[in-house]
Every structure is written in structure tokens, then in C-alpha cells.
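# Examination of the molecular architecture
Chain by chain, the residues:
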Amino acid sequence: MNQSDSRRVFAIISHPDAGKTTLTENMLLSAGAIHAAGQVAARGQRRRTQSDWMKIEQERGISVSSSVMTFEHQDLIFNLLDTPGHEDFSEDTYRTLTAADCAVMVLDAAKGIEPQTLKLFEVCRLRDIPIITFINKLDREAQEIFDLLSEVEDKLALDVIPMQWPCASGRRFRGLTDLRTNTFVPFAADGEHPAAMPYDSAEMRAFIDDDALYEECVEESELAREYGEFKLESFLEGHMTPVYFGSALRKFGVLELINALAEIAPGPQAEKAVKNGQEVMINPSDKEVSGFVFKVQANMDPNHRDRVAFLRLCSGVFKRGMKLKTTENKTISVHNPILFFAQDRELADRAYAGDVIGVPNHGALRVGDSLSENGKIRFAGIPNFAPEILRRARLSDPLKAKHLRKALESLAEEGVTQLFKPAMGSDMIVGAVGSLQIDVMAERIKTEYGLEVVFEVALFQTARWLVGDEALIEAFAAKNQSAMAEDLDGAPVLLAKSAWDISYAQDKNPDIRFLKVKERL
């Protein structure tokens, strides 16, 4: 087997509180990557989960930063991309999904498809990412399973194929029928689950110990078989989703989900790119080492002012000490590449297509950068979305303005928020998709940079990037100087008080495009 064929890169997506972080923990536990899972609902020190390292995550029990974790199972290397569930961080999730070849969509069995799940699914659909569905929390009272599957079919326009079928839910929950192997996987509330047993057997009947419930389980399992057969090709094309069930909190159904990823999740895929001005597909088997940065994280280790770029390798065999170039011809010597095992790190001597490595750097790399041996490969850009909240950054100590600017720029380069420098005035304007992003930024500036900063309501509410003839944009900027700004790349931006202002500007300037989404190339 080619080394890159043994890689599986998948993201976990869900609405907040569907149990995504608990599932992540117990996937790592089931695969032997960690020895004890964190308890998100616990108090104090025990509240800290392996994948939630940021202080605000530990305090609120939510994920707001995408994490990367590597583990081994069945001779395969899995790179798990844990995404924020909170809608205020949908941009970070979108960027992370650009690095995934497959997604696990986690649904709460009692709530079904929630608004954020729908948004994240649309992102997957944009990239035709195959989706495995995991219906969680079967140990609590659930909706009718047939209704849940109908909702997935109707709202997501996906063919659903149950690979398992639950025997009741809540207090009556007894386990799962594996429809492919014709076995019954028993559930125990204490987490000490008995071994699988033959389906429709005396052993299964004795375990369920309730004739009416037993007949119900067998009848529903037989009805579930009528959904049809799982078709791998349809799944890989993004038209069909296999459905698995379980309780992440009770560590039930988790190993079966990992086994499913091992069996049906695709290996590293070919990526679209531009090379020497021509559109090409970069294959994992290509010899030249190449990849793109989908995330930058500063100060993961508060004792060292570190800054790590997360690089998804797309081709070649990377060796420690290699020199890679950006398309801007910056040379990066990668002496200490990192592999991530939750909070632990290991130096990577070699890495292959499908691996995600951390590249320590001092501000040389940003989200969306492409890296390759000759610097001539540019992968499709990772988008920035127009902010829905704008705030003015104000310091209590004006003498520390330079420090604040550096902190704001550093966090904007990570993609935590966006940063705009107005054409008039010295205050920096911070843009965010949701208010929690502002809270995270304030918390991190305080803890990581020692600065007390206040984010005041700005005069403006939203922003649009201007694209078109340079002379036309310059003329527009001259007339609207008080509303003009530049983003981190120096691109012209219109700051607007309302959507009406943007519509008016568009009507009056039909030859200029006012963009809600900007791809960083």
C-alpha cells in the first residue's frame, strides 16, 4: 500500500451540544490514542477535554477552535479535524473542511437536523464531501428513527442507508442490530458493553429480556433492510449517506464508526490548483511535495510565543528539514514539523499526502498560503466572508497602541477575526461573523498579550470588498473616503452602515463589484 493510501482525513461537524467533542474524545480513546477522555460536563480541572485547549473553551465547555488530532487504527493513519460547532465560528469550520476528504455529521437523536447542521452540510455540498451520519444520544429518549431518517432525506436531499438499527432509545435502549453482519451489539448503561451476538438468537432474546421489545426490535430491523444497499460510489460522490447510531458519552457505537471510516472513507483526493498559469489536478502520488495552509494558531503553548501553520499535504513525501516555497517566493525551512496527538506533539521526520503537519513560523505563513518545492503551485484560495459585526478596538493605555496593532494583526492572520484599517483615523476596525468571536479575541489579547482592550460599537455594520477597474475604484474611494478601509492584504474595502448603503453604492457604480466573499489567493 502506498503511504498516502493509508491516510484518512475527516472532519466532524454538528450543531452545538450534539455531542461532537465527546465523540472526538471517545474516538481517540477507542483507538488507543489517549488513556482517559475529558468530561465536558464535569467541573474544574476535569472539565478540560483533550481537544479543547483554549481557556475560553475550557470555561464554557464548547469548541471554538478547530483542532487536529492524529491516531492509528487498523494499519491506517487517521487525521481527525475537530471543528467548532458554534455558528459564530462557521468561517473557521469552512476553512477546515477544505482540508477534509470526508465528514462525520453528528445528529442529536432527540433534535434531528438543527440550523447549524444545515449550514455546515451546505459547506460540505459545495465541495462534494462524502458524509457519514452518526445519530448520537440513543441512551436518551429519541425521535422515531424512521422520522429522523426522513428528515435527513428531505432537508439534505441525500439517500440514507442505515448500516445499523437501534433497539428502542432512552431507558428502553438495548443496543444495535448490525444490518450488514447480521449481529446484535448489546448496550450496557454502565459502559461495560457485552460482546456482539447473533441477530434474532436466543442469546439476543435473553439479553433484551422483554418479549414485546424484542419483537419490536426485530420487526423494525427487518423494515430497515428495505432502505436498500449501500453503494460506495454514490457515497463518494456525495449523494448517499450511511447512517450509524450510538451514544458517544457511553462509548457505544464509537468503535463501529471508526471501523466504518476505515472501510469506506476515501483516501487523499486530487486537488485543483494552478501551476505555471495552467489549471491542473495535483495527485497524492505526484513526486513534488505540495500543500496548503488551512489554519494558523498562535500561542498554543503560552510558555513559548509559538505560531503554528497547519499544512495539509497534497502530494509527495515530505522530509524534515525540507525547504518549501510560497507562491510569493518566500522560502520556508521546515526544521521542526509537528504531528498533533490532542495536546501532545511529536516531531515528524516524514509525512505523506493526507497528513496534516504543523509548521512553526514567525508570521511568514498565513491561512490560504500554498507551499511547494518550486513555489509554482497555487491551490484554490480559502475564502473570507463579509463580517456581520464590526467593532472599534480601543486601549485603556494609548501608549501600547503598537502592541495592540501587532496582537490584532496576529489574530487576524489566524482567521480568528478580520481586521480593517480605515482610510481616515487611527482606530483599527475588527470584523466578525458572530459576537462570540469578539469575546474570544478580547480574552486572548488579555491572556496572551497582557492588554486590556475594549471593543466599542463601530459607526459601520458590515463590509464589502471592491473588485473592478483600478481607476474606477480609486475614483469611488476618493468620493467615499470616510467609509473606505484596507484589509490585511491591502485590498480596498467599503465599510457600510447598512445593507441599504451597499445596494445604493452598487446601483450607482455598476462597473464595480461589491463582494460578500473574497478568496485569498
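About the cut-offs
Residues numbered from 1 in each chain as written. Predicted model: local features only at pLDDT ≥ 70, side-chain atom pairs only at ≥ 80, totals over all residues. Heavy atoms only, no water. Pairing = 2+ DSSP bridges. Helix = DSSP H or I, 4+ residues; strand = E, 2+ residues; numbered from the N terminus. pLDDT = per-residue confidence, 0-100. Contact = heavy atoms within 4.5 Å. Disulfide = S-S within 2.5 Å. Buried < 20%, exposed > 50% of the residue type's maximum accessible area, 1.4 Å probe, protein only. Salt bridge = Lys/Arg side-chain N within 4 Å of Asp/Glu carboxyl O. Axes fitted to C-alpha atoms, helices over the stretch in contact; angles between N-to-C directions. Core = buried A, V, L, I, M, F, W, Y, C linked by side-chain atoms within 4.5 Å. Patch = residues over 30% accessible without salt bridge, like charges linked within 9 Å, V, L, I, M, F, W, Y side chains within 5 Å. Areas by Shrake-Rupley, 256 points an atom, 1.4 Å probe, with all protein chains shown as cover. Lys, Arg positive; Asp, Glu negative; His and termini not counted. Charge placed at Lys NZ, Arg CZ, Asp CG, Glu CD. Phe/Tyr/Trp six-rings, centres within 6.5 Å; stacked < 30°, edge-to-face > 60°. Lys NZ or Arg CZ within 6 Å of the ring centre and 35° of its normal.

### Here we look at the sheet that holds strand β8 (residues 175–178)
The antiparallel open sheet is built from four strands, whose spatial order is β7-β8-β9-β10. Looking at the sheet topology across the chains shown, the edges are occupied by β7 (164–167) and β10 (197–198).

### Focus on the confidence of the model for the protein chain
Put simply, the protein chain has an average pLDDT of 85, and 88% of its residues get 70 or more. Here residues 37–54 is a poorly scored stretch, pLDDT under 50, and it has 51 contacts once near neighbours within four places are set aside; other chains count. Confidence drops under a pLDDT of 50 for residues 56–66, and excluding neighbours within four residues, the segment shows 48 contacts in the predicted structure.

### Structural notes on the state of the cysteines
A full pass over the atoms with the stated rule returns one disulfide. Covalent S-S linkage joins C167 and C217, the inter-sulfur distance amounting to 1.8 Å. Between C167 and C217, the S-S torsion sits near 65 degrees, and that sign places the bridge as right-handed. You can see C167 sitting in strand β7 and its partner C217 sitting in helix α7 (residues 211–224), a full 50 residues away along the chain. The exposure classification of C167 matches that of C217, with both residues buried.

### Here's the deal with the pattern of salt bridges
What the rule picks out here adds up to 17 salt bridges. Where E263 meets R180, a salt bridge forms, and the shortest distance between an N and an O atom there is 3.2 Å. Linking E263 in helix α9 (residues 254–264) with R180 in the loop between β8 and β9 (183–186), this pair joins segments that are 83 residues apart in sequence. On the basis of relative accessible area, R180 is assigned to the partly exposed category, the value being 47%. Close ionic contact of R205 with D211 constitutes a salt bridge, the shortest N to O distance being 3.5 Å. Owing to a relative accessible area of 34%, R205 belongs among the partly exposed residues under this scheme. On the basis of relative accessibility, which here comes to 53%, the residue D211 falls in the exposed class.

### Some words on the sheet that holds strand β5 (residues 131–136)
The mixed open sheet is built from seven strands, whose spatial order is β2-β3-β1-β4-β5-β11-β6. In this open sheet, the two strands that pair with only one neighbour each are β2 (67–73) and β6 (159–162). Averaged over neighbouring strand pairs, the angle between their axes works out to 30 degrees when direction is ignored. Note: β5 against strand β11 (residues 240–245), three bridges, orientation parallel. Bridge pairing in β11 places T133 opposite V243. The strands touched by helix α1 (residues 20–30) are β1 (7–14), β2, β3 (76–82), β4 (102–108) and β5; relative to β1, the strand with the most contacts, the crossing angle is about 150 degrees.

### Description of the nonpolar core
Core analysis: the largest hydrophobic core is formed by 71 residues, its most contacted members being L81, I135, F294, L311, F318 and I357. Top contributing element to this core by residue count: strand β15 (residues 307–315), with six residues. Those residues within four positions of F318 in sequence are excluded, and the remaining contacts are V289, L313, L324, V334, P337, D349, R350, A351 and I357. In terms of nonpolar packing, the next biggest core, distinct from the first, is built from 32 residues, M27, I161, M240 and A248 among them.

### So, α1
Taking burial as the measure, the eleven residues of α1 include nine buried ones, the bulk of the element. Those residues of α1 lying buried are K20, T21, T22, L23, T24, E25, N26, M27 and L28. Positive backbone phi, approximately 80 degrees, marks G32, located one or two places after α1.

### Side note on a negative patch on the surface
Among the surface-exposed residues, D469, E470, E474 and D511 lie close enough to one another that they form a single negatively charged patch. In this fold, D469 is placed in the loop between β30 (462–467) and α12 (470–479). The exposure class of D469 is partly exposed, given its relative accessible area of 44%.

### Some points on the packing of aromatic side chains
Under the counting rule described, the total for this entry stands at 15 aromatic pairs. Measuring from ring centre to ring centre gives 5.8 Å for F292 and F379, while their planes differ by 55 degrees; the resulting arrangement is tilted. Within this pair, whereas F292 is found in strand β14 (residues 290–298), its partner F379 is found in strand β24 (residues 377–379), the two being separated by 87 residues in sequence. No difference in accessibility class separates F292 from F379, as the two residues are buried. On the numbers, 4.8 Å between centres and 10 degrees between planes, the contact of F310 with F340 is stacked. Here F310 is found in strand β15, whereas its partner F340 is found in strand β19 (residues 338–341), with 30 residues between them in sequence. For F340, a relative accessible area of 2% puts it in the buried group. Ring pairs connect the aromatic residues F146, W165, Y227 and F245, which therefore count as one cluster. Here R225 stacks its cationic end above the ring of Y199, 5.3 Å away from the centre of that ring. Cation over ring: K295 sits above F310, and NZ or CZ is 5.8 Å from the ring centre.

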